[in-house]
Amino acid sequence: MSGTSTTPTGIPGAAMTTAPGPGDMTPAGAGAGDGGRDTGTIRLGDRTRGEATDDTTRYAPEWLQLREGVDASARASELLDPLRIRLANLPRRANGFVIHDLGCGTGSMGRWLAPRLDGPQHWVLHDRDPYLLHFAAVGSPRSAADGSRVTVETQRGDVGRLTADALAGASLVTASALLDVLTPDEIETLAAACAGAGCPALLTLSVVGRVELTPAHPLDAEIAEAFNDHQRRGDLLGPEAINAACDAFARHGATVRVHPSAWRLGPDESALTAEWLRGWVGAAVEQRPELAGPAAAYLQERLTACEAGELRAVVHHSDLLALARPGGEV
């Protein structure tokens, strides 16, 4: 989810919070052909808020709030039954399930999942940004599906140092819009830590590199290709992350299930669609500056159609459920 040249790393505590559009996006003001001027979009890279502790771009809570409803509708509820079965078979703990949410942002995953699971829950919310952790803690759910108590705590850290020891006692690891901003080594670290702790992982909303826009436009494919290349900059996996994660978890003995979880954007989601378009096109132009001229006209045409309620978009993602062997068995 971001658009800067830095590689988001983060867990416990990543700035891998959800960011505009599928995967990594550009900060506001970096739209096609605007010369880096502020074009009025939500500012994703706002370092004036909160304590600036590193060079990681912050993600605006406004963006995360804008996309939360669509994220909730997109997540694959089909993966919840096998997850519930696994959780029901875990040894009972007095404090209930312990759930680690990696790169939690403002806590949207907890607000979606906690009310869908029975039993008391303790959520450990990880993110690199203390400003977002504050929002996540304040906005966390207070009760489970059956009315049981839900409690939270916040932590900061780095995915590169995630270990099975850090997940000791965990019932579940969750993340949203995280995998596509990880490197192969970070995905391997995550899979190994979950396997070592013997806990399942529910990793939602990973981009897969496919976007469908209606009506179609001759530049759609070229913009999409440039955006996907931007997702892969440096060592990031981008659209290949979901397959890499499936392979990594399987190598560590987990049973892996994948289900589509597309955003489906229509007239009712026009505000989100407009922000996503600016980020999507901006990242494409950042990757291929020669697109700046035609992309500026393309973006304006698409935004006009969006405002008129004439544009629809399907942004494809996948959700992954990895069921590690209990207790880290080999």
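Up top you'll find the structure we're talking about.
Report follows, based on the coordinates. It should be emphasised that the depicted structure is a prediction, and the values quoted were computed from it without experimental measurement.

### Notes on the packing of helix α8 (residues 270-287) against helix α9 (residues 292-307)
Okay, so step 1: Their axes nearest at 10 Å, the elements α8 and α9 cross at an angle of 175 degrees. Taken together, the axis directions place α8 and α9 in an arrangement best described as roughly antiparallel. Of the residues in α9, those touching α8 at S270, T273, A274, L277, R278, W280, V281 and V285 are A292, A295, Y298, L299, R302, L303 and C306.
Okay, so step 2: Residues of the contact of α8 with α9, tallied by class, amount to 11 nonpolar, 2 polar and 2 charged.

### Quick look at the packing of helix α5 (residues 184-197) against helix α7 (residues 241-251)
Pairs of packed helices are described in terms of their axes, by the angle between the two and the distance that separates them.
Okay, so step 1: One way to put it is that α5 packs onto α7 with a least axis distance of 9 Å and a crossing angle of 35 degrees. α7 is crossed by α5, and the crossing has right-handed handedness. Where α5 abuts α7, its residues I187, E188, L190, A191 and C194 lie against A241, A244, A245, A248, F249 and R251.
Okay, so step 2: Residues of the contact of α5 with α7, tallied by class, amount to 9 nonpolar, no polar and 2 charged.

### Considering the side chain of H100
Okay, so step 1: Following the sequence through the fold, H100 ends up in strand β1 (residues 97-102).
Okay, so step 2: H100 has contacts with V124, H126, A166, L167, A170, L172, V173 and T174, leaving out every residue within four places of it along the chain.

### Topic: α7
Okay, so step 1: Looking at α7, one finds that the buried residues are A241, I242, A245, C246, A248 and F249.
Okay, so step 2: Buried residues along α7 sit against α5, β5 (201-214), β6 (255-260) and β8 (312-323).

### So, the pattern of salt bridges
Okay, so step 1: This structure, assessed with the given rule, holds 10 salt bridges.
Okay, so step 2: Close ionic contact of R302 with D220 constitutes a salt bridge, the shortest N to O distance being 3.0 Å. Taken together, the residues R302 in helix α9 and D220 in helix α6 (residues 220-231) connect sequence positions 82 residues apart.
Okay, so step 3: Judged by relative accessible area, which is 3%, R302 ranks as buried.
Okay, so step 4: Of the residues examined, D220 reaches a relative accessible area of 13% and is grouped as buried.
Okay, so step 5: One salt bridge in this structure joins D229 and R288, with 2.9 Å as the shortest N-O distance. Of the two residues, D229 is situated in helix α6 and R288 in the loop between α8 and α9; the sequence distance between them amounts to 59 residues.
Okay, so step 6: The class of D229 is partly exposed, set by a relative accessible area of 26%.
Okay, so step 7: One salt-bridge network, held together by shared partners, links E225, D229, R232, E240 and R288.

### With respect to the environment of D235
Okay, so step 1: Checked against the element boundaries, D235 lands in the loop between α6 and α7.
Okay, so step 2: Separated by 54 residues in the primary sequence, D235 and V181 have C-alpha atoms spaced 9.3 Å apart.

Conventions we followed
- Residues numbered from 1 in each chain as written.
- Predicted model: local features only at pLDDT ≥ 70, side-chain atom pairs only at ≥ 80, totals over all residues.
- Heavy atoms only, no water.
- Axes fitted to C-alpha atoms, helices over the stretch in contact; angles between N-to-C directions.
- Helix = DSSP H or I, 4+ residues; strand = E, 2+ residues; numbered from the N terminus.
- Parallel < 35°, antiparallel > 145°, perpendicular 65-115°, else oblique.
- Contact = heavy atoms within 4.5 Å.
- Nonpolar A, V, L, I, M, F, W, Y, C, P; charged D, E, K, R; others polar.
- Left-handed = near helix turned anticlockwise from the far one by under 90°.
- Buried < 20%, exposed > 50% of the residue type's maximum accessible area, 1.4 Å probe, protein only.
- Salt bridge = Lys/Arg side-chain N within 4 Å of Asp/Glu carboxyl O.

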